[in-house]
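# Coordinate inspection notes
Chain residues, written in single-letter form:
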Amino acid sequence: MPCWLEGPLAAFDTETTGVDVEQDRIVSAAFVTQSQAGAAPVATRWLVNPGVPVPAEATAIHGLSEDHLQRYGRWPAPVMEEVARALAGHAARGVPLVVMNAPFDLTLLDRELRRHRASSLADYLGGAPLCVLDPWVLDKHLDRYRKGRRTLTDLCAQYGVELAGAHDAAADATAALEVVRAVGRRFASRLERLSPAELHTRQAVWHAAQARGLQAWFARNGSDEECDPAWPLRPEMPAAA
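Residues numbered from 1 in each chain as written. Predicted model: local features only at pLDDT ≥ 70, side-chain atom pairs only at ≥ 80, totals over all residues. Heavy atoms only, no water.

Another point: the overall build of the chain. Assigned secondary structure in the chain consists of eleven helices and five strands. For 241 residues, the compact-globule formula gives about 18 Å, and the C-alpha radius of gyration of the chain, at 17 Å, lands near that figure. Counting only C-alpha atoms and orienting by the principal axes, one finds that the chain spans roughly 50 × 45 × 35 Å. In the chain, which comprises 241 residues, the proportion classed as buried is 51%. Of all intrachain contacts in the chain linking residues separated by at least 6 positions in sequence, the fraction that spans at least 24 positions is 68%. Here the chain holds 25 positive side-chain charges and 30 negative ones, and the gap between their average locations is 6 Å. (Helix = DSSP H or I, 4+ residues; strand = E, 2+ residues; numbered from the N terminus. Rg over C-alpha atoms; globule rule 2.2 N^0.38 Å. Buried < 20%, exposed > 50% of the residue type's maximum accessible area, 1.4 Å probe, protein only. Contact = heavy atoms within 4.5 Å. Lys, Arg positive; Asp, Glu negative; His and termini not counted. Charge placed at Lys NZ, Arg CZ, Asp CG, Glu CD.)

Here we come to the packing of helix α8 (residues 152-159) against helix α9 (residues 169-186). The contact between α8 and α9 brings their axes to 10 Å, and the two run at 45°. On the basis of their axis angle, the class for α8 and α9 is oblique. As α8 runs across α9, the sense of the crossing is left-handed. Facing Leu152, Leu155, Cys156, Gln158 and Tyr159 of α8, the residues of α9 in contact are Asp172, Ala175, Ala176, Val179, Ala182, Val183 and Arg186. Partitioned by chemical class, the residues of the contact of α8 with α9 number nine nonpolar, one polar and two charged. (Axes fitted to C-alpha atoms, helices over the stretch in contact; angles between N-to-C directions. Parallel < 35°, antiparallel > 145°, perpendicular 65-115°, else oblique. Left-handed = near helix turned anticlockwise from the far one by under 90°. Nonpolar A, V, L, I, M, F, W, Y, C, P; charged D, E, K, R; others polar.)

Here we take up the pairing of strand β2 (residues 26-34). Burial analysis of β2 places eight of its nine residues in the buried class, the great majority of the element. Sheet topology places strand β1 (residues 9-16) next to β2; eight bridges connect them, and they run antiparallel. Looking across to β2, one finds that phenylalanine 12 is bridged to phenylalanine 31. Pairing between β2 and strand β3 (residues 42-47): six bridges, direction antiparallel. Looking at β3, one finds that alanine 30 is bridged to arginine 45. (Pairing = 2+ DSSP bridges.)

In structure tokens:
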């Protein structure tokens, strides 16, 4: 079995004001660590007052109202500092980081750091390699012909992982971590020769190919929606963001 499969993993997830990584804000975040497969996960949670309106559509998904966040959330600047340092610490120790649909959460974090800390995720990493395991990319590549959606809820059902409290950042991060372990076990014959660093590199290639395929599908169906091939995060922030 590949060493990462049964060894330590960390996971990261956010809840937000919307789905625009350049403009929307983080309202909650969670960082979950697990020392080995089967060990109790340890979660660190953050609640954020984003300082901007929280749309009712977003509240309907994650249950965090603007009033609740104003009462109990912390200001973004210290939260983003703590989150970035937590990620950087595990990266420095070589612990793989599980992030479902990594370009969304990691780009949001990077933009929040730029917005509130005049810095970037890369600055906090300080040269330490960020080794990401993305269950969405892994599953889509390894079981590419399976029909149906591939949300976290769908992947949990597919791999027999319990998801208690969907759209809670800690619950989602924990579930994503267990899905990655389950994917690793199911496709061990194809993954056992790959280290997490090698998997990180290959996922960037796989995601780009997946984005190109989805872009072609949109074009065939008359949609002008664009698919960004960058993974695990988008490298640039527009000046207007």
